[in-house]
Amino acid sequence: MNPNKALWEKGDFARMAVTMRDSGAALAADLGVTEGMRVLDLGCGDGTTAVPEAQLGADVLGVDIAENLVAAGNARAQELGLDNLRFQEGDASHLDELDDASFDLVVSIFGAMFAPKPFDVAKEMVRVTKPGGRIVMGNWIPNDPTLVAQILTISASYSPPPPEGFVSPMTWGVEDNVVERFTAAGVPEENIAAERATYTFNYDGQPAGLVAEFENYYGPTMNAFEAAAADGRQDELRSELQALFEEQNQGNGTTSIPATFLRVTVRR
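Since this is a predicted model, take the numbers as computed values, not measurements.

## Thoughts on the overall build of the protein chain
Here is step 1: Looking only at helices and strands, the protein chain has eleven helices and seven strands in total.
Here is step 2: Its C-alpha atoms give the protein chain a radius of gyration of 18 Å, near enough to 18 Å, the size a compact globule of 268 residues would have.
Here is step 3: For the protein chain, the spread of C-alpha atoms along the principal axes amounts to about 55 × 40 × 35 Å.
Here is step 4: Expressed as a percentage of its 268 residues, the buried residues of the protein chain come to 53%.
Here is step 5: For the protein chain, the accessible area works out to roughly 11800 Å², and carbon and sulfur atoms hold 47% of it.

## A few points about the environment of Thr255
Here is step 1: Its place among the elements puts Thr255 in strand β7 (residues 255–267).
Here is step 2: A distance of 2.6 Å separates the side chain of Thr255 from the backbone oxygen of Gly205, its partner in a polar contact.

## Some points on the packing of aromatic side chains
Here is step 1: In the structure shown here, the tally under the stated rule is 15 aromatic pairs.
Here is step 2: Its guanidinium or amino end placed over the ring of Trp172, Arg181 lies 4.8 Å from that ring's centre, counting from NZ or CZ.

## With respect to the nonpolar core
Here is step 1: In terms of nonpolar packing, the biggest core is built from 86 residues, with Leu40, Leu85, Trp140, Phe182 and Phe245 touching the most fellow members.
Here is step 2: Once residues lying within four places of it in the same chain are set aside, the contact partners of Leu40 are Leu61, Val63, Leu95, Leu98, Phe103, Leu105, Val106, Val107 and Val128.

## Remarks on helix α10 (residues 219–230)
Here is step 1: Between the first and last C-alpha of α10 there are 17 Å, a value that for twelve residues agrees with the 16 Å anticipated at 1.5 Å per step.
Here is step 2: When α10 is considered as a whole, its buried residues turn out to be Gly219, Pro220, Thr221, Met222, Ala224, Phe225, Ala227 and Ala228.
Here is step 3: Looking at the buried residues of α10, the elements they touch are α1 (3–9), α7 (147–157), α9 (207–217) and α11 (234–248).
Here is step 4: Gly232 sits one or two positions beyond α10 and adopts a positive phi of about 70 degrees.

## Structural notes on the pairing of strand β4 (residues 103–109)
Here is step 1: Burial within β4 is extensive, with six of its seven residues counted as buried.
Here is step 2: Inspection of the sheet shows strand β1 (residues 38–42) paired to β4 by three bridges, in the parallel sense. Directly across from Val39, in β4, lies its bridge partner Leu105.
Here is step 3: Of the pairings in the sheet, the one linking β4 to strand β5 (residues 129–140) comprises six bridges and is parallel in character. When the bridges of β5 are listed, Leu105 appears paired with Arg134.

Thresholds, definitions, all that
Residues numbered from 1 in each chain as written. Predicted model: local features only at pLDDT ≥ 70, side-chain atom pairs only at ≥ 80, totals over all residues. Heavy atoms only, no water. Helix = DSSP H or I, 4+ residues; strand = E, 2+ residues; numbered from the N terminus. Rg over C-alpha atoms; globule rule 2.2 N^0.38 Å. Buried < 20%, exposed > 50% of the residue type's maximum accessible area, 1.4 Å probe, protein only. Areas by Shrake-Rupley, 256 points an atom, 1.4 Å probe, with all protein chains shown as cover. Polar contact = N/O pair within 3.5 Å; in protein donor to acceptor, adjacent residues only side chain to side chain. Phe/Tyr/Trp six-rings, centres within 6.5 Å; stacked < 30°, edge-to-face > 60°. Lys NZ or Arg CZ within 6 Å of the ring centre and 35° of its normal. Core = buried A, V, L, I, M, F, W, Y, C linked by side-chain atoms within 4.5 Å. Contact = heavy atoms within 4.5 Å. Expected span 1.5 Å × (residues − 1). Pairing = 2+ DSSP bridges.

If you want it as structure tokens, here you go:
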């Protein structure tokens, strides 16, 4: 199996996505979505931004590499009565089933950044976007002091080194890399903009409970715990993550933790 597909079909990311709904809806509301707009939500999970985009009246296609998340997304769309939203399997590195210049807006919030071959990802996103359309990405930033970058840094310290040739998804959080990848896909540099923004994880419980969600349902953290367990260090990893979550929690009796990301806008 494709290793990236295996990673995101591991556990149940839909459990994690529940903590991301509020910020996903707020981000979607800020995208300038209008009724009838054709939107591709890439690496969409079960629809954290795709659902609110459809609720704003867009015709939305969600594409994700994980079969279980596609099924969960289609179930959500049906439950919510959104006949303008559908989900299908696909790989952001080669969107062969999608036609050129077929979307007004391509959105990928913490999705396409995890696909291999980043130059191919940029090329495909540009290819399927209509002239005059936009691409909006949300990418985690390497070495950032906020939550997600720190989770991934801590997890990596318990994990074996990546295979030769591996390109870290965190490289998408560096503006120079973003510019290099999209200019290689034919976009003028002046049409590429990036700014820092905040995404908040909200969990109705204590930080330790949210750590348990990451441990049991988030593929990258699950892999780190498996590697740590092989060395008898899983309790050490859990304690380190709990200390991080407690330090960064801004909730009062619940858990609310902001994380900084790079918001990229590309104009075709």
